[in-house]
Amino acid sequence: MLQARGFDAQSEASYPPPPESFATRFPYGWRYVMKPSLNGADNYDQIPLTLADLQNPQLGDQVPQRHAHSQPLVDLVSSLKTYYAKDPSIGVFTDLIMDWGIPGLSGAAPDIAIIPNLKRHKEADRGTFKVVDEGTRPSLVMEVMSPGSPGDDTNKVTLYAQAGIAEYLLLKPDLTHELPRYELSGYRLESGVYQPLVPNERGRLLSQTLQLGFEVIDQGRQVRVTDVRTGRPLLTPIETEKARLAAEARAQAETEARAQTEAALVQTEAARVQTEAARQQEQAARLAAEARAQAEALARAQTEAARQQEQAARLAAQAQAQAEAEARVRLEKRLQELEALLKLRT
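Residues numbered from 1 in each chain as written. Predicted model: local features only at pLDDT ≥ 70, side-chain atom pairs only at ≥ 80, totals over all residues. Heavy atoms only, no water.

Undergrad: Would you take a moment to explain the overall build of the chain for this structure?
TA: When helices and strands are counted, the chain shows seven helices and 14 strands. By the burial criterion, 27% of the 346 residues in the chain qualify as buried. Put simply, of all contacts in the chain between residues at least 6 apart along the chain, 51% involve residues at least 24 apart. (Helix = DSSP H or I, 4+ residues; strand = E, 2+ residues; numbered from the N terminus. Buried < 20%, exposed > 50% of the residue type's maximum accessible area, 1.4 Å probe, protein only. Contact = heavy atoms within 4.5 Å.)

Set out below in structure tokens:
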């Protein structure tokens, strides 16, 4: 029989502490740093990033993100890249380190940077965007705020203003709901100082440099970008796929409707042909009946004419016979009279 084992605080204290979780060891991410080895092989240490590292990133830094941070970026970057796909002078970059070329001003890797007037190909492999060498800078940057990485709404406001970024948008997730909701705010550089952007009557923040409107829709669950010149929204990949499927469904429905209409027209034409054929058959039958009736009437008329001719001939023959009989009677009487006269003379 098993016996319960009593709790011993002293023996419990002798157990080793639980291992430190990965998230606890690397709350902001990590960086691989090469360390020397005796055998000459490349060995790397996984070094935790600090908050200061996030403010001044290096190429190769690994910064894990929550779904609430990454999903709007995926949608925004995809829709913006699609929007500018045919314009080689405007690039949409994500997490690209910026070297401002301004002494004493730390770099940054904005979640989204939209850069106009590009001279190099926008898809060129850039580890760092060197503003001085490229001859241009982002006209708009956007950051999705992370609860564990403060500074987007404080330090970076000052940083991007000093870097001469014309417009800065901030997307703040509200993680108190099962599905994250977002608040959108922004700044516009005026005389070297950022001024808060004021939403228009539709709740949009207008980017004057891009002529795009930014807003949150669906109870704050989605960020919508609209071309203010055309009023058309920039579709996310899911919306694009839904639009494609909807267009295919509409095309299929239109094809089926056309097929049904054509089938109905064929049936209508077949019914018309059948009706016309029946009408023609009826007309032919009527004409045939009329022809038969006319033929029968003609035959009756011919029969009647023949009968009348026969009767006339019979009557004529009878009249002739009667005339001949009367002539014979008169002749015989005359002969008798002559015979009698002769007798008297003799």
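Undergrad: Can you help me understand the sheet that holds strand β14 (residues 232-234) in this one?
TA: In a beta sheet, neighbouring strands pair by backbone hydrogen bonds and run either parallel or antiparallel. A sheet is described by the order of its strands in space; here four strands give the open sequence β11-β12-β13-β14, paired in antiparallel fashion. In this open sheet, the two edge strands, each paired with only one partner strand, are β11 (205-207) and β14. Ignoring strand direction, the axes of neighbouring strands in this sheet form an average angle of 35°. Sheet topology places strand β13 (residues 222-227) next to β14; three bridges connect them, and they run antiparallel. (Pairing = 2+ DSSP bridges. Axes fitted to C-alpha atoms, helices over the stretch in contact; angles between N-to-C directions.)

Undergrad: Even after reading the chapter, I still don't get the sheet that holds strand β5 (residues 112-115), so can you show me in this structure?
TA: Spatially, six strands are ordered β3-β5-β7-β8-β9-β10 in an open sheet, and the strand pairing comes out mixed. Each edge of the sheet is formed by a strand with only one pairing partner; in this case those strands are β3 (91-93) and β10 (193-196). Averaged over all pairs of adjacent strands, the angle between their axes in this sheet comes to 20°, without regard to strand direction.

Undergrad: Explain the nonpolar core here, please?
TA: As a rule of thumb, nonpolar side chains are buried together in soluble globular proteins. Counting 23 residues, the largest nonpolar core has L80, Y84, I112, I114 and L212 as the members making the most contacts within it. Listed by contribution, the elements that provide at least two residues to this core are α4 (67-83), β5, β7 (140-144), β8 (167-174), β12 (212-217) and β13. It is α4 that provides the largest number of residues to this core, a total of four residues. Here L80 is in contact with V92, I112, I114, L212, V225 and L234, once residues within four sequence places are set aside. In this structure, V131, V141, A161 and I165 belong to the second largest nonpolar core, which totals 22 residues. (Core = buried A, V, L, I, M, F, W, Y, C linked by side-chain atoms within 4.5 Å.)

Undergrad: Any chance you could explain a nonpolar patch on the surface here in plain terms?
TA: Nonpolar side chains collect at one region of the surface, where L331, L335, L338, L341 and L344 lie side by side and expose about 480 Å² of accessible area between them. Mapped onto the fold, L335 is located in helix α7 (residues 237-345). Residue L335 is classed as partly exposed on the basis of its relative accessible area of 43%. (Patch = residues over 30% accessible without salt bridge, like charges linked within 9 Å, V, L, I, M, F, W, Y side chains within 5 Å. Areas by Shrake-Rupley, 256 points an atom, 1.4 Å probe, with all protein chains shown as cover. Salt bridge = Lys/Arg side-chain N within 4 Å of Asp/Glu carboxyl O.)

Undergrad: Explanation requested: the confidence of the model for the chain in the structure shown.
TA: Interpretation of the predicted coordinates at a detailed level should be avoided for regions scoring low in pLDDT. Summarising the model, the chain shows a mean pLDDT of 85, and 84% of its residues fall at 70 or more. Here residues 1-15 scores under 50 on pLDDT; set against residues more than four positions off or in separate chains, the count is two contacts. (pLDDT = per-residue confidence, 0-100.)

Undergrad: In this structure, what is going on with the environment of G91? I would like to understand it.
TA: Structurally, G91 is set in strand β3. On the basis of relative accessibility, which here comes to 0%, the residue G91 falls in the buried class. Once the C-alpha coordinates of G91 and K122 are considered, the two residues, 31 residues apart in sequence, prove to be 5.4 Å apart. With near-sequence residues (within four places) excluded, G91 lies in contact with A113, I114, I115, L118 and K122.

Undergrad: Where do I start with unusual backbone geometry in this structure?
TA: Both trends apply: most residues other than glycine have a negative phi, and most peptide bonds are in trans. Unlike most non-glycine residues, S191 shows phi in positive territory, near 55°. With respect to the helices and strands, S191 occurs in the loop between β9 (181-190) and β10. In this model, Q211 sits at a positive phi of 55°, which is unusual for a non-glycine residue. Along the chain, the position of Q211 falls in the loop between β11 and β12.

Undergrad: What should I look at first to understand the packing of aromatic side chains in this one?
TA: Each aromatic ring pair is summarised here by two numbers: the centre-to-centre distance and the angle between the ring planes. Inspection of every chain in the model, using the stated rule, returns seven aromatic pairs. Between W100 and Y160, the ring centres sit 6.2 Å apart and the planes meet at 80°, which makes this aromatic pair edge-to-face. Of the two residues, W100 is situated in the loop between β4 (97-99) and β5 and Y160 in helix α6 (residues 155-162); the sequence distance between them amounts to 60 residues. For Y160, a relative accessible area of 0% corresponds to the buried category. A centroid spacing of 4.8 Å and a plane angle of 70° characterise the contact between Y160 and Y168, whose relative ring orientation is edge-to-face. Y168 sits in the buried class, given a relative accessible area of 0%. (Phe/Tyr/Trp six-rings, centres within 6.5 Å; stacked < 30°, edge-to-face > 60°.)

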